[in-house]
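Listed below are the residues making up each chain.
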Amino acid sequence: MRIVNALKADVRFQFKQGFYLVYILLTLIYMVILGVLPVEWKSTIIPLVLFSDPSMVGFFFIGALVMLEKVQGVLQYVVVTPLRSLEYLLAKVFSLTILAIVATVMITLATYGYDLNWFLLIIGVILTSSFFVFFGFIVAVRCTTLNQYFIRMIPYLLFIVLPCFSLIGFPYDWLFNIFPSVAGLKLVYGAFKGIDFLSAAAYSVYLLLANLVIAHYVEKIFDRMATEGA
Amino acid sequence: MIKVNGLEFAYRKSPGKAIKGISFDIDDGEIFGFLGPSGAGKTTTQRIIIGLLRGYQGSVDVMGKERIMWGKDIFEKIGVAFDFPNLYEKLTAYENLALLGSYYKNNSLDKDQLLDSVGLLADRDKRVEKFSKGMKMRLNFIRSIMHDPEILFFDEPTSGLDPVNGKIIRDMILDFKKKGKTVFLTTHNMNEADYLCDRVAFIVEGTIPVIDNPGELKIKYGQKSVKVSFNGDGKLQEEFFPLSGIGRNSRFLEVLNQDCVRTIHTQEATLEDIFIKLTGRELL
């Protein structure tokens, strides 16, 4: 199966580029900081970290991954292999999402325990991570260097992350649910604080749809990039 | 194998056309050289045939089907080695072949044997970032053939290689021809084209003024004479003799009979001379 081989290739590439070492260090730092938090803060702070970790890491890592492949010219070769655009993209999404799930489980177990809705947490992390990986790809595809990526991603990041502050409570704050990031954050929070079934289902379905739409869009821009010079 | 007819192409942000209505055919088992200076349209044409540029006008038929009608499956049948060694720097030579090789249905060629064929077997487990440019180019080359494709696209395949390794690559290209593979060679190295190609096309400013066999071109555009260098009157001398009636040329026979000839050369043109003559351009 090509997609499995693409996944293996990505995992090997990420490992050799030192991505996993960075991620392990990051996870350990989270564990230490979250571990010393007062108990009454934990159910508020931990979901926030668990939401930000896969989303931010997915967003940063996909940029770094694509830029490294671009700089080394590998992308130029990948587009002349039988690997389909969607397979290439899904391999990236799967590899980074698996990483996010492992980190989420480790951080939660080490700093919070078992008493939460694991199913909702994992669903929230998967859908958030995959959305942010696709979202990061939109920025990365337009850049030629890593520095350029780090500058260009700022407005994109603010656009998608700022609405999350609506959770503090604004008038008409339900309007912010249109942002997939807000839906993801509410799912992760719901895993810790509780959420009614209908809301959880609605956020999940909405986030899934957002993933399908962005996946389709990213596939198109990847194809365009492949035929206009990777 | 490849039939290009009336091909035109313009880049979106460029005012003029990069390719201006070129036509050529490449037969099965042929080594076809595409020669021209930088910016002439060599790489653009190659990228259109490979499928990396769309929006062309005219027809590009590859293995019996218009190029834009092919999906990604075409890459099972074609191999591409770009002029830039685009490899995973942090992975070893073997890992580079194994990972990208796994995307092909035909992944049966022995990778160690391929590495050995270009003198890289001893470096199979070394990270590519530690390779010289020549080593990377050789790895780049074998990566393009590891799925045993029918058509091979090589862009300056011996660029950056020392003479020994350059010869290894040239011999391998000739070997593909023996196996019936078709080779599309893009280069500005006229000696290489002369040595390898069955036919060459000169491309200048998006047009092809001539397509022919290198041997025919050299005879057609060369001087029909012989240059003889010989020792005479205590110094090295040179004289030119027309080929026509040379067996009856008394002066030529006299020089030969003096037993002091150093060299004799027919004055066929080099491909480079012909290129400059026909296009008015240098090959840089």
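Just so we're clear, the structure is a prediction, and the values are computed from it rather than from any experiment.

Student: Would you take a moment to explain the overall build of chain B for this structure?
Tutor: From N to C terminus, chain B includes nine helices and 13 strands. When burial is assessed residue by residue, chain B has 39% of its 284 residues classed as buried. Taking the intrachain contacts of chain B between residues at least 6 apart in sequence as the baseline, contacts between residues at least 24 apart amount to 68%.

Student: Explain the sheet that holds strand β7 (residues 151–155) of chain B here, please?
Tutor: Strands pair in a sheet through their backbones, by hydrogen bonds, and they do so in one of two ways: parallel or antiparallel. Residues and elements named next belong to chain B. Taken in spatial order, the six strands of this open sheet run β6-β7-β8-β3-β9-β10, and their pairing is mixed. A strand with exactly one partner marks an edge of an open sheet, and here the two such strands are β6 (78–81) and β10 (207–212). In this sheet, neighbouring strand axes are inclined to one another by 15° on average, regardless of whether the strands run parallel or antiparallel. Across four bridges, β6 lies against β7 in parallel orientation. Each bridged residue has a counterpart across the sheet, and for Ala81 the counterpart in β7 is Phe154. The sheet strands contacting helix α9 (residues 271–279) are β3 (31–35), β9 (199–204) and β10, and the helix crosses β9 at an angle near 40°.

Student: What am I meant to see in the packing of helix α1 (residues 2–16) of chain A against helix α5 (residues 85–111) of chain A here?
Tutor: Two packed helices can be described by the angle between their axes and the distance between those axes. Residues and elements named next belong to chain A. It is the contact of α1 with α5, at a shortest axis distance of 8 Å, that shows an interaxial angle of 50°. Relative to α5, the element α1 is oriented oblique. Both α1 and α5 take part in a crossing whose hand is right-handed. Here Arg2, Ile3, Ala6, Leu7, Asp10, Val11 and Gln14 of α1 come into contact with α5, specifically with Glu87, Tyr88, Leu90, Ala91, Lys92, Phe94 and Ser95. Its residues assigned to classes, the contact of α1 with α5 comprises eight nonpolar, two polar and four charged.

Student: Got a minute to help me understand the interface of chain A and chain B in this structure?
Tutor: Often, the extent of an interface is quoted as the loss of accessible area on bringing the components together. Every contact between the two is made by 19 residues of chain A and, on the other side, 23 residues of chain B. Looking at the side of chain A that touches chain B, the elements with two or more residues in it are α1 and α4 (74–78) of chain A. It is α1(A) that provides the largest number of residues to the side of chain A that touches chain B, a total of six residues. Class assignment for the residues of the side of chain A that touches chain B results in eight nonpolar, seven polar and four charged.

Student: Just checking my understanding: could you explain unusual backbone geometry for this structure?
Tutor: Negative phi is the rule for most residues except glycine; trans is the rule for most peptide bonds. All names here are of chain B. At Met63, a position not held by glycine, the phi torsion is positive, near 50°. Among the secondary structure elements, Met63 is positioned in the loop between β4 (57–62) and β5 (65–66). Take Met63: there are 16 C-beta atoms within 10 Å of it, and that puts it in the partly exposed class. Of note in the backbone geometry, Glu156 takes a positive phi value of approximately 45° without being a glycine. Its location among the elements puts Glu156 in the loop between β7 and α5 (163–178).

Student: Any chance you could explain the domain arrangement of chain B here in plain terms?
Tutor: Partitioning chain B into structural domains gives domain 1 (2–218) and domain 2 (223–267). For domain 1 of chain B and domain 2 of chain B, the distance between their C-alpha centres works out to 43 Å.

Student: Mind showing me how you'd approach the packing of helix α6 (residues 118–140) of chain A against helix α9 (residues 197–226) of chain A here?
Tutor: Residues and elements named next belong to chain A. Contact geometry for α6 and α9: axes closest at 9 Å, N-to-C directions at 25°. As far as their axial angle goes, α9 and α6 are roughly parallel. Here the hand of the crossing between α6 and α9 comes out left-handed. Only Ala200, Ser204, Leu207, Leu208, Ala210, Asn211, Ile214, Ala215, Val218 and Ile221 of α9 make contact with α6, whose side of the interface consists of Leu120, Ile123, Leu127, Ser130, Phe131, Phe134, Phe135, Phe137 and Ile138. Split by residue class, the contact of α6 with α9 holds 16 nonpolar, three polar and no charged.

Calculation notes
- Residues numbered from 1 in each chain as written.
- Chains lettered and ligands numbered in written order.
- Predicted model: local features only at pLDDT ≥ 70, side-chain atom pairs only at ≥ 80, totals over all residues.
- Helix = DSSP H or I, 4+ residues; strand = E, 2+ residues; numbered from the N terminus.
- Buried ≥ 20, exposed ≤ 12 C-beta atoms within 10 Å, placed from the backbone.
- Contact = placed C-beta atoms within 7 Å.
- Pairing = 2+ DSSP bridges.
- Axes fitted to C-alpha atoms, helices over the stretch in contact; angles between N-to-C directions.
- Parallel < 35°, antiparallel > 145°, perpendicular 65-115°, else oblique.
- Left-handed = near helix turned anticlockwise from the far one by under 90°.
- Nonpolar A, V, L, I, M, F, W, Y, C, P; charged D, E, K, R; others polar.
- Domains from an automatic or database assignment.

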